[in-house]
Amino acid sequence: MRERTAVCPGSFDPVTVGHIDIIRRASKMFDHVIVVVMINAAKQSCFSLEERVRMLRASTAEFPNVRVDSYNGLLAEYAASKHADAIVKGLRAMSDFEYEFQMALTNKKLSPDIETVFLTTSAENMYLSSSMVKQIASMGGDVSEFVPEVIHKDIVQRLNQRSE
Ligand code: PNS
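Keep in mind it's a predicted model, so treat the numbers as computed, not measured.

## Thoughts on the overall build of the chain
Then, number 1: A count of helical and extended segments in the chain gives six helices and five strands.
Then, number 2: Ordered by position from N to C terminus, the α and β elements of the chain give β-α-β-α-β-α-β-α-β-α-α.
Then, number 3: Counting only C-alpha atoms, the chain reaches 50 × 35 × 30 Å along its principal axes.
Then, number 4: Across the 164 residues that make up the chain, the buried fraction comes to 46%.
Then, number 5: In the chain, once contacts between residues fewer than 6 apart in sequence are set aside, the share between residues at least 24 apart is 75%.

## Some remarks on the sheet that holds strand β5 (residues 115-120)
Then, number 1: Strand order in the open sheet formed by five strands is β3-β2-β1-β4-β5, and the pairing between neighbours is parallel. Taken across any chain shown, the strands that pair with only one partner, and hence form the sheet edges, are β3 (66-71) and β5. For this sheet, the mean inter-axis angle between neighbouring strands, taken without regard to orientation, is 30°.
Then, number 2: For strand β1 (residues 5-10) and strand β2 (residues 32-38), the ladder comprises six bridges, and the chain directions are parallel. Bridged to P9 within β2 is V36.
Then, number 3: Packing of helix α1 (residues 17-29) onto the sheet brings it into contact with β1, β2, β3, β4 (86-91) and β5, and relative to β5 it is tilted by some 125°.

## Some remarks on the site of the ligand
Then, number 1: In the region of the ligand, 15 residues are neighbours, and S11, I39, N40, K43 and L75 sit closest.
Then, number 2: Here an oxygen atom of the ligand sits 2.6 Å away from a polar atom, N or O, in the side chain of S11.
Then, number 3: Here an oxygen atom of the ligand sits 2.8 Å away from a polar atom, N or O, in the side chain of N40.
Then, number 4: Look at the ligand: alone it shows 540 Å² of surface, and the protein chains cover 82% of it.
Then, number 5: Looking at the shell around the ligand, the elements with two or more residues in it are β1 and α4 (94-110).
Then, number 6: In terms of residues, the shell around the ligand owes the most to one element, α4, which gives four residues.

## Some remarks on the environment of A42
Then, number 1: Here A42 lies in the loop between β2 and α2 (49-59).
Then, number 2: A42 sits in the exposed class, given a relative accessible area of 71%.
Then, number 3: Residues A42 and V88, 46 residues apart in the sequence, show an inter-C-alpha distance of 20 Å.

About the cut-offs
Residues numbered from 1 in each chain as written. Predicted model: local features only at pLDDT ≥ 70, side-chain atom pairs only at ≥ 80, totals over all residues. Heavy atoms only, no water. Helix = DSSP H or I, 4+ residues; strand = E, 2+ residues; numbered from the N terminus. Buried < 20%, exposed > 50% of the residue type's maximum accessible area, 1.4 Å probe, protein only. Contact = heavy atoms within 4.5 Å. Pairing = 2+ DSSP bridges. Axes fitted to C-alpha atoms, helices over the stretch in contact; angles between N-to-C directions. Near = heavy atom within 4 Å. Polar contact = N/O pair within 3.5 Å; in protein donor to acceptor, adjacent residues only side chain to side chain. Areas by Shrake-Rupley, 256 points an atom, 1.4 Å probe, with all protein chains shown as cover.

See below:
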């Protein structure tokens, strides 16, 4: 049987334990998972593309079928170029839904053979977002529970303006 590939896209600015939960679950459902760091035109990013890729590589090193890439273009085109079967995204709350639904329909129009699969975020990560992590860390708050342990120090050093 043909091996199945999923693409997990996001801005990952920075990656949180909520993202890792989705990536871990996708890695159990698909033979190969490509996590791709992309540009979200609606958001101003804080970490460079290279920093985000590096943090994701460190945070996903334990998953043998996951690799990390970056792409500055359309998600539908990227997924098609990798012969992906699915795009996997995490859904936190109803507030995510309209935007994610619109993106899924657009991506389906652009690459009709690729399905978008939504995984519901685990209950403990419902409230978690990269913007929340950035806000808490920049004000000297503790984000150790919200980001992978292996990149915690990098994030704090980069964002905690009080430590300067
Ligand atoms: O983690 P995010 O910010 O919710 O991820 C959004 C992202 C980066 C996946 C989305 O903005 C995206 O797909 N960007 C690539 C450009 C693209 O394909 N845009 C059209 C989709 S409707």
